[in-house]
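# Chain and residue survey
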Amino acid sequence: MGSRLDACHADAAMCGIVGIYAKSDACERHLGAHAAAMLVEMADRGPDSAGVAIYRDPAPGGHSKLCLQSADSAGWDDAVTAIDTGIGVVEARRVGERHALVETPVGAEEARDWVERELPDVAIDSAGRIIEIYKDAISPAEFVSRFSLAEMSGTHALGHTRMATESRVTPAGSHPFSTGLDLCLVHNGSLSNHNRLRDELRREGIGFRTRNDSEVAAAYLTWRLRQGATLEGALEGCLEDLDGFYTFAVGTAEGFAVLRDPISCKPAVMAECDDWVAIASEYRALATLPGAADAEVWEPEPGVVYSWGTVAVA
Amino acid sequence: MSGAAPDSTAAPSRALDLSQLSVRELNAALHEAEDGRWEVLDPVGKHAIAAGLDAELEVEIAGNVGYYCAGMNKRATVRVKGNCGVGVAENIMSGKVAIEGDASQAAGASGHGGLLVIEGNAAARCGISLKGADIVVRGSIGHMSAFMAQRGRIVVCGDAGAALGDSIYEARIYVRGEVAGLGADCVAKEMRPEHLEELAELLAEAGIEDAQPAEFSRYGSARRLYNFNVDDAGEY
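This text gives an overview of the structure that appears in the document. Note that the structure is predicted; figures quoted are calculated from it, not measured.

### Topic: the overall build of chain B
The helix and strand inventory of chain B stands at two helices and 11 strands. Its C-alpha atoms give chain B a radius of gyration of 19 Å, near enough to 18 Å, the size a compact globule of 236 residues would have. Reported as C-alpha extents along the three principal axes, the dimensions of chain B are approximately 65 × 40 × 25 Å. Out of the 236 residues belonging to chain B, those deemed buried represent 50%. Expressed as a percentage of contacts within chain B between residues at least 6 apart in sequence, the contacts between residues at least 24 apart total 22%. Looking at chain B as shown, the accessible area adds up to about 10400 Å², and 48% of this sits on carbon and sulfur atoms. If you average the places of the 21 positive and of the 34 negative side-chain charges in chain B, the two averages end up 2 Å apart.

### Re the packing of helix α7 (residues 194–203) of chain A against helix α8 (residues 213–226) of chain A
All names here are of chain A. One can describe the packing of α7 onto α8 by two numbers: an axis separation of 10 Å at closest approach and a directional angle of 40 degrees. Compared by their axis directions, α7 and α8 come out oblique. When you trace α7 past α8, the crossing you get is left-handed. Residues H194, L197, R198 and L201 of α7 touch α8, and the partners they reach there are D213, V216, A219, Y220 and W223. Partitioned by chemical class, the residues of the contact of α7 with α8 number six nonpolar, one polar and two charged.

### A closer look at the interface of chain A and chain B
Every contact between the two is made by 15 residues of chain A and, on the other side, 12 residues of chain B. Here chain A and chain B share an interface that buries about 960 Å² over both sides, 45% of which is from carbon and sulfur atoms. Of all residues in chain A, Y283, R284 and E299 of chain A bury the most surface against chain B, accounting for 41% of the area lost on that side. Linking chain A to chain B there are zero salt bridges. Taken together, the residues that form the side of chain A that touches chain B break down as eight nonpolar, two polar and five charged.

### A look at the environment of D84 of chain A
Turning to its location among the elements, D84 of chain A is positioned in helix α4 (residues 76–86). Once the C-alpha coordinates of D84 of chain A and V102 of chain A are considered, the two residues, 18 residues apart in sequence, prove to be 9.9 Å apart.

### Some details on the layout of surface pockets
A volume near 680 Å³ is recorded for the largest pocket. E299 of chain A together with A103, S104, A122 and A123 of chain B are, among the 39 residues lining the largest pocket, the residues nearest its centre. The class makeup of the residues in the lining of the largest pocket is 19 nonpolar, 15 polar and five charged. Quantified by volume, the second largest pocket comes out at close to 590 Å³.

### Some thoughts on the packing of aromatic side chains
Scanning all chains against the criterion turns up eight aromatic pairs over all chains. Here Y134 of chain A and F147 of chain A contribute two aromatic rings whose centre-to-centre distance is 5.5 Å and whose plane-to-plane angle is 35 degrees, an arrangement assigned as tilted. Of this pair, Y134 of chain A sits in strand β7 (residues 131–136) while F147 of chain A sits in the loop between α6 (140–146) and β8 (156–162), and the two are 13 residues apart along the sequence. Across the pair, exposure class does not vary: Y134 of chain A and F147 of chain A are buried alike. Aromatic pair F143 of chain A and F147 of chain A: ring centres 4.7 Å apart, planes at 35 degrees, arrangement tilted. The residues F143 of chain A and F147 of chain A share a single accessibility class, namely buried. One aromatic cluster is present, built from ring pairs that chain together Y134, F143 and F147 of chain A. Lying over the aromatic face of F177 of chain A, K135 of chain A brings its terminal NZ or CZ to 4.5 Å of the ring centre. Here the guanidinium or amino end of R14 of chain B rests over the ring plane of W38 of chain B, the centre of that ring lying 4.2 Å away.

### Details of the sheet that holds strand β16 (residues 306–308) of chain A
Strand pairing in a sheet relies on backbone hydrogen bonds. The paired strands run either parallel or antiparallel. Residue and element names in this part refer to chain A. What the five strands build is an open sheet, ordered β9-β10-β11-β12-β16; its pairing is antiparallel. Two strands bound the open sheet, and with one partner strand each, they are β9 (177–180) and β16. Going from strand to strand, the sheet's axes swing by 20 degrees on average, the running direction of each strand aside. On top of the sheet, α8 reaches β9, β10 (183–191) and β11 (244–251); it is set at about 135 degrees to β10, its chief contact.

Rules of the game
- Here the residue numbers are simple positions, counted from 1 along each chain's written sequence.
- Chain letters start at A and ligand numbers start at 1, both assigned in the order the entries are written.
- Owing to the predicted nature of the model, reporting of local features is limited to residues with pLDDT of at least 70; listing and counting of side-chain atom pairs is limited to 80 or more, with chain, interface and lining totals taken over all residues.
- As a rule here, side-chain values come from all non-hydrogen atoms in the structure, and water together with hydrogens is ignored.
- Strands are runs of DSSP state E lasting at least 2 residues, helices are runs of H or I lasting at least 4, and numbering of each runs from the N terminus.
- The globule rule is 2.2 Å times the number of residues to the power 0.38, and the radius of gyration it is compared with is taken over C-alpha atoms.
- Think of it in three bands: residues with accessible area under 20% of the maximum for their type are buried, residues over 50% are exposed, and the middle band is partly exposed, with areas taken using a 1.4 Å probe on protein chains only.
- In what follows, a contact means two residues having at least one pair of non-hydrogen atoms within 4.5 Å.
- A 1.4 Å probe and the Shrake-Rupley method give the accessible areas. Residues count as covered only by the protein chains that appear here.
- Residues scored as charged are limited to Lys and Arg (positive) and Asp and Glu (negative), so that His and the chain ends carry no count.
- Charge positions come from single atoms, namely NZ of Lys, CZ of Arg, CG of Asp or CD of Glu.
- The angle between two axes is taken between their N-to-C directions and runs from 0 to 180 degrees, where each axis is a line fitted to C-alpha atoms and a helix contributes only its stretch in contact.
- Roughly parallel refers to an angle under 35 degrees, roughly antiparallel to one over 145, roughly perpendicular to one between 65 and 115, and oblique to any angle outside these ranges.
- Crossing handedness is defined as follows: a turn of the near helix away from the far one that is anticlockwise and smaller than a right angle gives a left-handed crossing, while the clockwise case is right-handed.
- All amino acids are sorted into three groups, where Ala, Val, Leu, Ile, Met, Phe, Trp, Tyr, Cys and Pro are nonpolar, Asp, Glu, Lys and Arg are charged, and the leftover types, Gly among them, are polar.
- By definition, the buried area sums, over both parts, the 1.4 Å-probe accessible area that each loses when the two are put together.
- We define a salt bridge as a contact between a side-chain nitrogen of Lys or Arg and a carboxyl oxygen of Asp or Glu at a distance within 4 Å.
- Using a 1 Å grid laid over the protein atoms alone, points where a 1.4 Å probe fits but cannot get out form a cavity; open sets with protein on both sides within 12 Å along at least 5 of 7 lines form a pocket; any residue with an atom within 4 Å of a point counts as lining.
- Grid points are joined across faces, edges and corners, and a volume is the space filled by probe spheres set on the points.
- For Phe, Tyr and Trp, rings pair up if their centres lie within 6.5 Å, where Trp contributes its six-membered ring, and each pair is then called stacked (planes under 30 degrees apart), edge-to-face (over 60) or tilted (otherwise).
- Charge over a ring is defined by NZ of Lys or CZ of Arg lying within 6 Å of the ring centre and within 35 degrees of the ring normal.
- Here a strand pair is declared whenever DSSP counts at least two bridges between the two strands.

Listed below in structure tokens is the structure:
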């Protein structure tokens, strides 16, 4: 598949970040519509690619959901048949031409490892019980319409609009990046020590699909979490080990967390009201949410981890 | 546009609604105006609202604004009834810009004249490269504020973040609370009578009555970076 071969060392120099965590049933029902409105508002910051991680419809215990992406849309039926033969398929749904959501009757780790090993041409955008990641190298408006984002409901979502400044625009270089089961990262900024860090993480057995700096940040978090760090601890490790500019938003099964680097060149603004907590690169994205005018609004402090939901990682 | 009223000092403001107008249309209308009171409705965080004004207007913005609000302001009085994004009143030349909420980073950056008042807090790099404007913040300011500030005054009723006044030239900084750290060549200085006097004037202009000049400390340049020190030649 093309995207695996693409040398994509883009930074995320401008880009837009959005995230929303529902605190009410009404907000959960309309979560996709809220995320869509925020994403489209951030199109100026990143017209090249768009993506969303949405947490919804947990698979039953022992089952898992995989979001898969393939450059070859004609091969989907064969791929699903192969997965069914290998580990079983409870349900498979095509989303657009290149994406599919597959529920399997086995755990997420087993399902992910099987697809990784047996179907090397299929990219795994996300794996877990709850998370679904969709991303593509298309404009945010086109993305929202192609994936019918506004019709989705869920508990929380993170989104990203990418402005690639130094490299090719590919689906694999789009955000969110999976950082483990039910985990993801969106990034606005650029890292300067990602090449050395990538080599170090490779030695730790972490795989990479691109030359993208944000993928290195995601892999770093994966590695720290795998070592047993809490999400907060893993994020605090970024302050020591990552050199560069970043506003990160990290999604987990239960909520999300936000961290800005100590210099904080990259913008972030947060807001909270009775119905939701949200983050965006700019206030105008928050302003699309109902009740934004009366919400508490603040700018996250440099080098401080903010989190919502129970973000402890098992 | 709605609510047109005859000109008089007591005239109600004329409303410009950003749910009906583009920012470009709004700014064009404000640029054409020679005086009067104006209200900007539904700003919803849009950028460059009321930028480039050059007349004795009174503009009130009913909500939160995005980047570069009231940038390059000359003569006008702009009041934001909310928070503002990056670079509010950037390069302000004269007039007054008042923010009722918080300001994001680089508030008043490189301002040449006039007064910026922030009722809430200002984030990082407040007054960076200040060139003669005055900034009064009722709350606290973030890190790297007054970086390379050349002229003007910055008054902070709360605390200041790390690296305050790094590489500062001749701007003067007054802080009432704690300073997390001073940047290169920025030092605490004696409060002489003329400083207490100018501070009292600035607080009065900003409408702050609950802070006393004697509660503030003054910071400014040690002027050690102005000239090359031959003893440092080995460093290069």
